[in-house]
Every structure is written in C-alpha cells, then in structure tokens.
Amino acid sequence: LKPVFSQIFESIEVDPLQWEAIRHWRLDRDGPLLLLPTHRSYVDFLIVSFACYVMDVKIPFIAAGEDLGKIPLVSYILRGSGAFFMKRRFRGAGPLYTTCFKTYMQNVLTHYGVVEFFVEGGRSRSRLMLEPKKGLLSIAMELLFQARVPDIKVVPVTIAYDRIVED
C-alpha cells in the first residue's frame, strides 16, 4: 500500500500519543477493540489498516457492505485486507442470516479482537457525519452486556482529506 498511497497522498498523519494507547491494548485484558472511522472515501478501509500496520497495531477485520464484494478489484483488495461482507439491511434477510452474521461477528471479536466498521453505514458525500447505524455496535455491545468480554474499547477515528480521492 505504501507505494500506492505515496502516489495518492502528500502525507498520512496520525497522532502518535493516541496510537500509543491502542498499541498497549490486549484482548484478554481489555476486551475487543472497535475502530470506528469516519467514511468519506473508498480508501478509508485501507488507510486505517495501513495506519495500524505502520503503528504496530493488530490489523483489523473490516466489516464492508456486500455491494463492495461484487466489484472485482475492490473485493480482491478488501478480502486481502481482512474484510468480510455483509448485507446493508438485515430486515428481510431472514433469521438464519442474522443469526449466522451475529455469531460470526461475535466470534471475530472474542477470538481475534479487532474490528473496523463505519458507524455511519456508508460514505458521506457531503463531508458531514451521517446518522449513526447502531446494528454492528449493538452486536458488539451484547458481548459486554452478557459478560462474555471484560470490556470493549471503542476508538473513534477521524479521517480528514483536503480533497477526497474520488473527487
């Protein structure tokens, strides 16, 4: 990713003090880690993973909309970066899909520990925050409420652009 990002971006800057706290995170002691970035561009997925790699933080699994899984090159890159694809709406998906997805998500959180998803659900084209979607967050928090994990660390991540790549 570094060669690609060096062609696209002038710089990618992270707050080292904030990342230092994340670097000392441990699943067995601290519970799952949720990275919740803002979503303005398709490269947001990869920027967070790249920052984790550079800052020596465990690379997250990425919850992505199933529509991205249908775009050949994007799907290949995201799968290679730890993405799993999900329906954008669970209404009408049926109880089997809902149960399987929830079980998968909770297993990833309890056994691997780091998941990245966009609480806004999709990209904001207006550069303003969208109304948060609570589905994935509620699936994660259920683990805490059922005392299946000691805690959950929720880390909001802001990705700011001078100019969005797709513009």
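Before reading on, note that the structure itself is shown above.
Keep in mind that what you see is a predicted model, and the values were worked out from it rather than measured.

## Structural notes on the pattern of salt bridges
- Inspection of every chain in the model, using the stated rule, returns six salt bridges.
- Its salt-bridge partner being Arg29, residue Asp30 comes within 2.8 Å of it at the nearest N-O pair.
- Judged by its relative accessible area of 21%, Asp30 is partly exposed.
- Between Glu66 and Lys87 there is a salt bridge; the shortest N-O distance is 3.9 Å. Of the two residues, Glu66 sits in the loop between β2 (61-65) and α5 (72-80) while Lys87 sits in the loop between β3 (83-86) and α6 (95-111), which places them 21 residues apart along the sequence.
- We classify Glu66 as partly exposed; its relative accessible area is 31%.

## Section: the sheet that holds β3
- With respect to topology, five strands assemble into an open sheet ordered β3-β2-β4-β1-β5, the strand pairing being parallel. In this open sheet, the two edge strands, each paired with only one partner strand, are β3 and β5 (153-157). Averaged over all adjacent pairs, the angle separating strand axes in this sheet is 25°, with direction ignored.

## Let's talk about the environment of Pro72
- Tracing the backbone shows Pro72 in helix α5.
- Put simply, Pro72 and Arg148 are 76 residues apart on the chain and 37 Å apart in space, counted from C-alpha to C-alpha.

## Here's the deal with the environment of Gly92
- Positionally, Gly92 belongs in the loop between β3 and α6.
- Sequence separation between Gly92 and Pro156 is 64 residues, and the spatial gap between their C-alpha atoms is 30 Å.

## Some words on the pairing of β2
- Counting buried positions along β2 gives four out of five residues, so the element sits mostly inside the fold.
- Here β2 pairs with β3 via four bridges, running parallel. Paired with Ala63 across the two strands is Phe84, which belongs to β3.
- On the question of chirality, the crossover connecting β2 to the parallel β3 by way of α5 is right-handed.

## A word on helix α7 (residues 135-145)
- Of all the residues in α7, the buried ones are Leu136, Ile139, Ala140 and Leu143. Relative to the axis of α7, the buried residues are bounded by an arc of 90° and lie together on one face.
- Its buried side turned inward, α7 meets β1 (33-37), β2, β3 and α6.
- Positive phi shows up at Ala147, right after α7, with a value of about 60°.

What counts and what doesn't
- Residues numbered from 1 in each chain as written.
- Predicted model: local features only at pLDDT ≥ 70, side-chain atom pairs only at ≥ 80, totals over all residues.
- Heavy atoms only, no water.
- Salt bridge = Lys/Arg side-chain N within 4 Å of Asp/Glu carboxyl O.
- Buried < 20%, exposed > 50% of the residue type's maximum accessible area, 1.4 Å probe, protein only.
- Helix = DSSP H or I, 4+ residues; strand = E, 2+ residues; numbered from the N terminus.
- Pairing = 2+ DSSP bridges.
- Axes fitted to C-alpha atoms, helices over the stretch in contact; angles between N-to-C directions.
- Right-handed = clockwise from strand over helix to strand, strands pointing away.
- Arc of directions from axis to C-beta.
- Contact = heavy atoms within 4.5 Å.

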